[in-house]
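Results of the structural survey
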Amino acid sequence: YIYEQNGAGDQFIKVDLSANFPLNFKKKLYVGGGFSIGYYRFLNNLLAVGGEVSPTYNVSIGKKSLITVPITFGVLFQPTINKFEFPIGHSLGITSSTFDNTTSYFPSFTAKAYLGGFYRINESWSVGLSGYFLWTPQIFADAPEKNYHGLFATAGLSMRYHF
C-alpha cells in the first residue's frame, strides 16, 4: 500500500491574501492588494479542476481606484514531495473592471497562470506561498485605439482546506 496525499475525488478550498502588482501601467497605478477564494477537485493524484474568484484593487496616481473581479475556471497540476505540494495551473474566464466608480468594463476575457508552494500540515490543512499572472485585455470594436492589455502579477500567503 502506498499512501498518496491526494487522489481522485479529493477536494480543497483555498484562500489567498496577496499584493497585486500592475505590470504595464507605466507607474500610473500603485501596488494594490487582493484576495481569492477557490475550489478544486482532483481527477487523479496529480491533476485537479476547479475555479476561483480573485477580486483585486489598485490606486492610481490620481487617487482613483481600479477594481477587478476575475472569475476563472481551469486545471491544476500538483506534484508532491513528502509533505510539500507545488501546484501549477492555468485558467480562463471573465473579468469585471471598474475604474473610479465611473468606468466599467464587463465582460472582459481573462487568462491566469498560477504557481505555488505549500506545506501539508495534516490531512486537512496546508499553508504556503502562491502567486499568479493575470492578463485582462479590453477590446473596443468601435474604437480600437482604446484597446488595452492589462497585465498583473500577485504574490501572497495561502491556506487550503482539504476534504
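Note that the coordinates shown come from a computational prediction; the quantities given were computed from them, not determined experimentally.

A word on the environment of Tyr 132. In this fold, Tyr 132 is placed in strand β10 (residues 125-138). Residues Tyr 132 and Ala 153, spaced 21 residues apart in sequence, show a C-alpha to C-alpha distance of 5.7 Å.

Now for the layout of surface pockets. As a volume, the largest pocket reaches approximately 540 Å³. Looking at the lining of the largest pocket, the elements with two or more residues in it are β5 (65-77), β8 (88-99), β9 (103-120), β10 and β11 (148-162).

We now examine the packing of aromatic side chains. What the rule picks out here adds up to eight aromatic pairs. Ring geometry for Phe 12 versus Tyr 40: centroids 5.4 Å apart, planes at 25°, classification stacked. Linking Phe 12 in strand β1 (residues 11-22) with Tyr 40 in strand β2 (residues 32-42), this pair joins segments that are 28 residues apart in sequence. Judged by centre distance (5.7 Å) and plane angle (20°), the ring pair of Tyr 161 and Phe 163 falls under stacked. For Phe 163, a relative accessible area of 42% translates into the label partly exposed. Within the aromatic cluster, the residues linked to one another by ring pairs are Phe 12, Tyr 40 and Phe 42. Its guanidinium or amino end placed over the ring of Tyr 132, Lys 112 lies 4.3 Å from that ring's centre, counting from NZ or CZ.

Calculation notes
Residue positions are given per chain, counting from 1 as you read along its sequence in written order. In keeping with the predicted nature of the model, local features appear solely for residues at pLDDT of at least 70, side-chain atom pairs appear and are counted solely at 80 or more, and the whole-chain, interface and lining totals rest on all residues. The basis for the side-chain values is all heavy atoms of the structure; hydrogens and waters are excluded. Every helix listed is a DSSP run of H or I at least four residues long, and every strand listed is a run of E at least two residues long, numbered separately from the N terminus. Points on a 1 Å grid over protein atoms alone make up a cavity when a 1.4 Å probe fits among them but cannot get out, and a pocket when they form an open set with protein on both sides within 12 Å along at least five of seven lines; lining residues each have an atom within 4 Å of a point. Grid points are joined across faces, edges and corners, and a volume is the space filled by probe spheres set on the points. Pairing of aromatic side chains requires ring centres within 6.5 Å, counting the rings of Phe and Tyr and the six-membered ring of Trp. Pairs whose planes differ by under 30 degrees are stacked, by over 60 edge-to-face, and all others tilted. Accessibility here uses a 1.4 Å probe with only protein chains present; expressed as a share of the type maximum, an area under 20% marks a residue as buried, one over 50% as exposed, and anything in between as partly exposed. In our convention, an over-ring charge means Lys NZ or Arg CZ found within 6 Å of a ring centre and within 35 degrees of that ring's normal.

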